[in-house]
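Here is how the chains run, residue by residue.
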Amino acid sequence: MIVIRKNDDTPPKGVAEAANKEKAGDTTEVVDVEQQHITATSQGDDASGSRKIEAIQAVWGKHGKLIIILALCFSMIAFEFDNSTIYTYFVYAQSNFNQIAALAAVKTAGGLCFAVLKPFVAKLSDVFGRGETYPVWLLFYVVAAILCAKAPNYESYAAGYMLHMFAQTGVNTMNDILAADVSTARQRGFAVQLQFLPYVFMPFTSAFVTEKVVNGIGWRWGIGMLGIIMPVGLAPIIYFLLSWQRKATKAGWNTRNHITIYKFFSELDMGGMSLFSGGLALILLPATLAGTLTEGWKTGWVIACVLIGGLCLVALPFYERFVAKHPFMPIRYLKDLNITMALLLYSTDGIALGVTHSYFYTWCIISRGYSIRNAVFITAVNRAVQFLFGIILGAVLYWTRRYKWLIFAGVAIRFLSYGLMFRIRDSSSTTAEIIIVQVIQGIGDALVGTCSFVASTVAVPHKEVAQMTSLAVCLSTLGSTIGTAIGGGIYTSYFKAELAKELGSRGTPALIESVFNSITKSLPPIGSPQRTAIATAYNRIMAYFTYVAFGSVVPGVIFAWYLPDRKLTYVTHPESLILGDFANWAFASDTHNLVEDQEPTIEVDEKAVNGRNQNPVSAPEGR
């Protein structure tokens, strides 16, 4: 018997007919499994984002999926050029405004926006559609670039920075959702990681650009250029999505959505997301800034913010359970061990990465004395290896269909990387040692991150893929933001004291303040006693970061142990009876979502292959 898995709440027309014919003893029709998740929306129904994608898939033709993948890759080239250059420009902008000490606070605020807006972006794309949502974030990109490039003061620059984070999280989330939309369960890890292929080489090529820009025309022009590059990068994907959507409309598919203001805010779950984002902001931002205040954690507004933020987070599950009609974090997700353990692994991995890299670039510049280009190279190694290995891992997942023990391997490798990090975060380590640890850390992050993403997103039906994708990436980014906030708290609370201790009589208040707030002004020359003392103080701060990172990966052993050991869905393709296993690979014969032991099955007699049909099942009548 050939087992066909359902992807929707009701079996598509072709599958239902096959089942009925089987009951009647007629098994002469073969169902094209790959096409069965595409179902029409009746004219009387509103079209959600997932329904619009299904309509697009029905009309995009023979090479539609390939075109979407290429358009995604093209958009990611522009996105990764932005991502690999913008943070270098931001560091020098902070230094230009004498605000290096506030770097972690700004990154925390930006990271919060990047994380908590992901569910909002996903909901927005479900309400209005994928093609309609991309231009919104492109507009944010252009406005942010103009605002940062022309900023007369730090406040204007910070506003532009936040708008840029809105744009980045919008495009990043949309790319992840679209990759999940057009991929099946076994393809999910490979598809999502493949879009990050440009990051494997982009940071190393963009390092030459950032060095020339910072030392030449300046960081303002560097940011301004991105306002031109991003529209070019996103134009193809916007064009194809909207043009195919119009084609689907002409073919009779419903791609229109009529929505009231109340329904709009209800579907976005504004109440739940306000409690979530507000609670996190009220806790993490004061935690980052407390070290810069005279009374520190005893400051009245800091205590008030933390208390109110804690109450918001405590109230969140009750609101989602009893009030929200369309919760962005349904309680049933928390009852699914597959989802819960995967998301916990994803977020703790982010904490470790965030805390160790919160001031890693400035450490490379100040403590190690690397040039801008080399500092960018070394900083980017971790991410480049993570995405390169993630692509390879996606192919491994396709063949093995198992992810639990790969996650276990990733947890073990992360233990090794953070253990080695204690050795290399000092002045005696070589550049090769620093790079090797970055490589090991990247491999561990790839194993944990890719497999956790797949484990969580295949555990929900297609209509919830955007929601789960955004939630998974949100918690990963949130973990990184929490790590950055912890790093910022350590930096602002202890770095001045460490500088004063190491510099001794050589450390004037002006020098300590300058090193604390800038990486370009009044730095003693490399090799001088003062610079050596500054490097020692920085190394000690980096050791504190590593303690936190190592502690955050310890629970990963427990999470990985309790993660269910499940197989990704797999369906024997009718052609495999003639062509063998090659057909199962070539025809991508697996379902869109859900692991094998979670969905009911419909069985079709293998004799059906005698009348096999090479053409996809057409859309139901009355589309």
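Just so it is clear, the model here is predicted, and its values are computed rather than measured.

1. Quick look at the overall build of the protein chain
Counting its regular elements, the protein chain contains 24 helices and 2 strands. Looking at the protein chain residue by residue over its 623 residues, the buried ones come to 58%. A fraction of 84% describes how many contacts in the protein chain between residues 6 or more apart in sequence connect residues 24 or more apart. With the model as given, the accessible surface of the protein chain reaches about 24,300 Å², and the carbon-plus-sulfur share is 65%.

2. A closer look at helix α12 (residues 300–322)
Between its first and last C-alpha, α12 extends 33 Å over 23 residues, near the 33 Å set by a 1.5 Å rise per residue. All buried positions along α12 are accounted for by V302, C305, G309, C312, L316 and E320.

3. Considerations on the nonpolar core
If you look at the biggest cluster of nonpolar residues, it comprises 130 residues, and the most contacted ones within it are Y134, Y157, F276, Y361 and F495. Contacts of Y134, omitting those with residues within four sequence positions, involve L72, M174, N175, L178, L234, I237, I238 and L241. If you look at the next biggest cluster of nonpolar residues, it comprises 19 residues, including L393, V411, V448 and C451.

4. Considering unusual backbone geometry
In the Ramachandran plot, N98 falls in the positive-phi region, its phi being about 55 degrees despite a non-glycine side chain. For N98, a relative accessible area of 39% puts it in the partly exposed group. You will see that R401, though not glycine, has its phi angle at about 60 degrees, which is positive. Relative to the elements of secondary structure, R401 occurs in the loop between α16 (372–400) and α17 (404–424). A relative accessible area of 13% means that R401 is categorised as buried.

5. A word on the environment of T431
Among the secondary structure elements, T431 is positioned in helix α18 (residues 431–457). Counting along the chain gives 61 residues from T431 to Y370, while the straight-line C-alpha distance between them is 9.8 Å. Once you skip the residues sitting within four places of it in the chain, T431 turns out to touch R368, Y370 and I378.

6. Overview of the side chain of E211
Position of E211 among the secondary structure elements: in helix α8 (residues 198–215). No salt bridge is formed by the buried E211; its nearest oppositely charged neighbour, R373, is found at 4.1 Å. If near-sequence neighbours (up to four positions away) are discounted, E211 is found in contact with S371, I372 and R373.

7. Points about helix α4 (residues 103–128)
The terminal C-alpha atoms of α4 lie 36 Å apart, and with 26 residues this matches the ideal 38 Å at 1.5 Å per residue to within 8%. The buried fraction of α4 amounts to 24 of the 26 residues, a majority that puts the element mostly inside the structure. Immediately beyond the C-terminal end of α4, within one or two residues, lies G129, with a positive phi of roughly 115 degrees.

8. Notes on the packing of α4 against helix α10 (residues 261–268)
Their axes nearest at 9 Å, the elements α4 and α10 cross at an angle of 135 degrees. Taken together, the axes of α4 and α10 are oblique relative to one another. Note on packing geometry: the crossing formed by α4 with α10 is right-handed. From α4, F120, K123, L124, V127 and F128 reach across to α10, where they touch F264, E267 and L268.

9. Concerning the packing of α4 against helix α5 (residues 130–149)
Running from N to C, α4 and α5 cross one another at 135 degrees; their axes reach a closest spacing of 7 Å. One way to sum up the angle between α4 and α5 is to call them oblique. Residues F120, V121, L124, S125, D126 and F128 of α4 form the contact with α5, whose participating residues are R130, E132, T133 and W137. Per-class residue counts for the contact of α4 with α5 are 5 nonpolar, 2 polar and 3 charged.

10. Observations regarding the pattern of salt bridges
In total, this model carries 6 salt bridges according to the counting rule given. Notably, a salt bridge pairs E513 with K496, separated by 2.9 Å at the nearest N-O pair. Taken together, the residues span a long stretch of sequence, with E513 in helix α20 (residues 509–517) and K496 in helix α19 (residues 465–503) at a distance of 17 residues. Taking relative accessible area as the criterion, E513 reaches 36% and is therefore assigned partly exposed. Looking at K496, the relative accessible area reads 33%, which means it is partly exposed. Linking R540 and E498 is a salt bridge whose minimum nitrogen-to-oxygen distance equals 3.0 Å.

11. Here we look at the packing of aromatic side chains
Taken as a whole and assessed by the stated rule, the structure comprises 29 aromatic pairs. Between F208 and F377, the aromatic rings sit 5.7 Å apart at their centres with planes inclined by 70 degrees, giving edge-to-face as the arrangement. Of this pair, F208 sits in helix α8 while F377 sits in helix α16, and the two are 169 residues apart along the sequence. Since its relative accessible area comes to 44%, F208 is described here as partly exposed.

12. Side note on a nonpolar patch on the surface
Side chains of L337, W405, V557, I558, W561 and Y562 sit close together on the surface and give an oily, nonpolar patch of about 660 Å² of accessible area. Counting through the fold element by element, Y562 comes out in helix α22 (residues 556–562).

13. Some points on the confidence of the model for the protein chain
On average, residues of the protein chain score 77 in pLDDT, and 80% of them are at 70 or above. Across residues 1–45, where pLDDT falls below 50, the model places 113 contacts with residues more than four positions away in sequence or in other chains. With pLDDT under 50 throughout, residues 570–623 is counted as low confidence; its partners more than four residues away or in other chains account for 149 contacts.

14. Quick word on the environment of V355
With respect to the helices, strands and loops of the structure, V355 is situated in helix α14 (residues 337–357). The sequence separation of V355 and Y544 amounts to 189 residues, and the corresponding C-alpha distance is 9.5 Å. Excluding its chain neighbours within four sequence positions, the residues that come into contact with V355 are G483, T484, I486, G487, F545, V548 and A549.

15. What about the environment of A380?
Among the structural elements, A380 can be located in helix α16. Overall, A380 belongs to the buried group, its relative accessible area being 7%. C-alpha separation for the pair A380 and Q438, spaced 58 residues apart in sequence, amounts to 8.8 Å. The residues touching A380, leaving out its near neighbours within four places in the chain, are Y199, P203 and F204.

16. Here's the deal with the side chain of D349
Here D349 lies in helix α14. One polar contact links D349 to R414, side chain to side chain, over a distance of 2.7 Å.

Criteria and thresholds
Residues numbered from 1 in each chain as written. Predicted model: local features only at pLDDT ≥ 70, side-chain atom pairs only at ≥ 80, totals over all residues. Heavy atoms only, no water. Helix = DSSP H or I, 4+ residues; strand = E, 2+ residues; numbered from the N terminus. Buried < 20%, exposed > 50% of the residue type's maximum accessible area, 1.4 Å probe, protein only. Contact = heavy atoms within 4.5 Å. Areas by Shrake-Rupley, 256 points an atom, 1.4 Å probe, with all protein chains shown as cover. Expected span 1.5 Å × (residues − 1). Core = buried A, V, L, I, M, F, W, Y, C linked by side-chain atoms within 4.5 Å. Lys, Arg positive; Asp, Glu negative; His and termini not counted. Salt bridge = Lys/Arg side-chain N within 4 Å of Asp/Glu carboxyl O. Axes fitted to C-alpha atoms, helices over the stretch in contact; angles between N-to-C directions. Parallel < 35°, antiparallel > 145°, perpendicular 65-115°, else oblique. Left-handed = near helix turned anticlockwise from the far one by under 90°. Nonpolar A, V, L, I, M, F, W, Y, C, P; charged D, E, K, R; others polar. Phe/Tyr/Trp six-rings, centres within 6.5 Å; stacked < 30°, edge-to-face > 60°. Patch = residues over 30% accessible without salt bridge, like charges linked within 9 Å, V, L, I, M, F, W, Y side chains within 5 Å. pLDDT = per-residue confidence, 0-100. Polar contact = N/O pair within 3.5 Å; in protein donor to acceptor, adjacent residues only side chain to side chain.

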